[in-house]
Amino acid sequence: SQTIHQWPATLVQPVGSPLSLECTVEGTSNPNLYWYRQAAGRGLQLLFYSVGIGQISSEVPQNLSASRPQDRQFILSSKKLLLSDSGFYLCAWNVRRPGAEKLFFGSGTQLSVL
Amino acid sequence: DAKTTQPPSMDCAEGRAANLPCNHSTISGNEYVYWYRQIHSQGPQYIIHGLKNNETNEMASLIITEDRKSSTLILPHATLRDTAVYYCIVSNAGGTSYGKLTFGQGTILTVHP
């Protein structure tokens, strides 16, 4: 069966520090991968999605970047965190075919930038 | 993708059916209706989806009106563990937007004893 791993579960970082969140998927090949963010009391916002290795699309301009060095690995990064980067970050995947919006989400990372 | 409208909150007694409405009056012919839920501090969980026919699975039933402008998610016997935010999403299946689901504010369902 397929599983998605996301870590760490919680993270407290000072303003200006770098960030690296990792997500890996097991049990499937060629998945679409996504990073979402949820600010406190708000809905989920799609940040990045990837349809293949090295292919990254950004949905909103921001202080973050994403990379996909391997088929089932998705990384969210920042060189210098801002206070506004605080939030709940979720990685998700689905199969790569039209009509497959059945997303599977990881357990999320609660990031607090202080 | 079409926009959806949901009530911000609803209550339900444990053991009773929870009926969560969703309006999607601008839905187009190739757009599916998806339902997800998010329990506090967890990632969203897929519940069910449909195009125009009613659907049922082990978690819930989805009733879509004939004109497809609204739908209702039914949890037949709500339990305390069903307390969550429920998201109704309309998405274009088959286009370039697959997987790029737009989550709104959803409905906060509170199941009470």
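Details of the structure are given in the entry above.
Residues numbered from 1 in each chain as written. Chains lettered and ligands numbered in written order. Predicted model: local features only at pLDDT ≥ 70, side-chain atom pairs only at ≥ 80, totals over all residues. Heavy atoms only, no water.

Caption draft 1: Expanded view of the overall build of chain A. A count of helical and extended segments in chain A gives zero helices and eleven strands. Along the chain direction, N to C, the helices and strands of chain A fall in the order β-β-β-β-β-β-β-β-β-β-β. Relative to the compact-globule value of 13 Å for 114 residues, chain A shows a C-alpha radius of gyration of 13 Å, a close match. Taken along the three principal axes of its C-alpha coordinates, chain A extends 40 × 25 × 20 Å. (Helix = DSSP H or I, 4+ residues; strand = E, 2+ residues; numbered from the N terminus. Rg over C-alpha atoms; globule rule 2.2 N^0.38 Å.)

Caption draft 2: Local environment of the layout of surface pockets. Each pocket or cavity is described by its volume, and for the largest pocket that value is around 450 Å³. If you list the elements that add at least two residues to the lining of the largest pocket, you get β9 (87-94) of chain A together with β8 (84-92) of chain B. Considering each element in turn, the lining of the largest pocket owes the most residues, three residues, to β8(B). Residues of the lining of the largest pocket, tallied by class, amount to nine nonpolar, ten polar and one charged. (1 Å grid on protein atoms, 1.4 Å probe; cavity = no way out; pocket = protein on both sides within 12 Å on 5 of 7 lines; lining within 4 Å. Points joined across faces, edges and corners; volume = space filled by probe spheres on them. Nonpolar A, V, L, I, M, F, W, Y, C, P; charged D, E, K, R; others polar.)

Caption draft 3: Broad picture of the sheet that holds strand β2 (residues 18-23) of chain B. Residue and element names in this part refer to chain B. If you trace the four strands from one edge of the open sheet to the other, you get β2-β7-β6-β5, paired in antiparallel fashion. Strands at the two margins of the open sheet, each flanked by one partner only, are β2 and β5 (55-56). In this structure, β2 lies alongside strand β7 (residues 70-75), joined through six bridges in antiparallel fashion. The partner of C22 across the bridge, within β7, is S71. (Pairing = 2+ DSSP bridges.)

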